[in-house]
Amino acid sequence: MLLFAADENLNNDIIRGLLRRKADLDIVRIQDAGLSGADDPTVLDWCALEGRILLTHDVNTITEYAYQRIRSGKRMPGILEIRQTLPIKQVIEDILLLDECFEEGEWENRIVYLPLR
């Protein structure tokens with residue numbers, strides 16, 4: 001099972017929908033980890049420490065920080081960038097599909113964009 005972290009800007013309806021469909025999904029909201037208002041590098045540091053793939057709508061700034069981590073040899077467990085205009089149902093389906101198809105560690109240094117299709 002993959003470990004996820006939900007960025008502060010991620011639509012909470014997505015999180016609720018994911019947990020309704022898969023109650024044992026391991027997902028932590030950044031604000032529940034005590035990182036409310038933290039900058040992107042701090043969030044990525046925490047995700048790396050915890051081994052969590054970051055789910056985010058932030059396609060503007062987080063990507064560059066993630067690539068900086070990769071270039072500098074720091075751990076980057078993965079990012080799933082989700083376009084805000086996607087239907088919530090599609091986002092939930094895609095995340096659950098990825099959770100089923102990938103194993104821990106296969107997301108290292110990957111940045112994936114939704115929609116998948």
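Above this text is the structure in question.
Residues numbered from 1 in each chain as written. Predicted model: local features only at pLDDT ≥ 70, side-chain atom pairs only at ≥ 80, totals over all residues. Heavy atoms only, no water.

Asks: Talk me through the pairing of strand β4 (residues 79-82); I want residue IDs and the actual numbers.
Replies: The two faces of β4 match: Ile79 and Glu81 on one face and Leu80 and Ile82 on the other face are all buried. Across three bridges, strand β3 (residues 53-56) lies against β4 in parallel orientation. Residue pairing in the sheet places Leu55 in a bridge with Leu80 of β4. Once you follow β3 into helix α3 (residues 62-71) and on to β4, the crossover reads as right-handed. Note: β4 against strand β5 (residues 111-114), four bridges, orientation parallel. The residue bridging Leu80 from the neighbouring strand is Val112, located in β5. (Buried < 20%, exposed > 50% of the residue type's maximum accessible area, 1.4 Å probe, protein only. Helix = DSSP H or I, 4+ residues; strand = E, 2+ residues; numbered from the N terminus. Pairing = 2+ DSSP bridges. Right-handed = clockwise from strand over helix to strand, strands pointing away.)

Asks: Lay out the environment of Thr85 with the relevant residues and their values.
Replies: With respect to the element layout, Thr85 can be found in the loop between β4 and α4 (88-101). Exposure remark for Thr85: the relative accessible area of 66% places this residue in the exposed category. Along the sequence, Thr85 and Leu116 sit 31 residues apart, while their C-alpha atoms lie 14 Å from each other.

Asks: Help me get a handle on the sheet that holds β4, residues and values and all.
Replies: One open sheet accounts for five strands, arranged β2-β1-β3-β4-β5; its pairing is parallel. Lying at the two open borders of the sheet, with one neighbouring strand each, are β2 (26-29) and β5. Going from strand to strand, the sheet's axes swing by 25 degrees on average, the running direction of each strand aside. Across the face of the sheet, helix α1 (residues 12-21) comes into contact with β1 (3-6), β2 and β3 while running at roughly 155 degrees to β2. (Axes fitted to C-alpha atoms, helices over the stretch in contact; angles between N-to-C directions. Contact = heavy atoms within 4.5 Å.)

Asks: A description of the side chain of Asp40 should follow, citing residues and the corresponding values.
Replies: With respect to the secondary-structure elements, Asp40 resides in helix α2 (residues 40-50). Of the buried charged residues, Asp40 lacks a salt bridge, with Arg69 as the closest side chain of opposite charge at 11 Å. Beyond its immediate chain neighbours, meaning those up to four positions away, Asp40 contacts Asp58, Thr61, Ile62 and Tyr65. (Lys, Arg positive; Asp, Glu negative; His and termini not counted. Salt bridge = Lys/Arg side-chain N within 4 Å of Asp/Glu carboxyl O.)

Asks: For the packing of α1 against α4, give the residues involved together with the corresponding values.
Replies: When two helices pack together, their arrangement is given by the angle between the helix axes and by the axis-to-axis distance. Their axes nearest at 9 Å, the elements α1 and α4 cross at an angle of 55 degrees. Here α1 lies oblique to α4, going by the angle between them. Viewed along their axes, α1 and α4 form a crossing whose handedness is right-handed. Of α4, the residues touching α1 (which contributes Asp13, Ile14, Gly17, Leu18 and Arg21) are Ile88, Val91, Ile92, Glu93, Ile95 and Leu96. The class makeup of the residues in the contact of α1 with α4 is seven nonpolar, one polar and three charged. (Parallel < 35°, antiparallel > 145°, perpendicular 65-115°, else oblique. Left-handed = near helix turned anticlockwise from the far one by under 90°. Nonpolar A, V, L, I, M, F, W, Y, C, P; charged D, E, K, R; others polar.)

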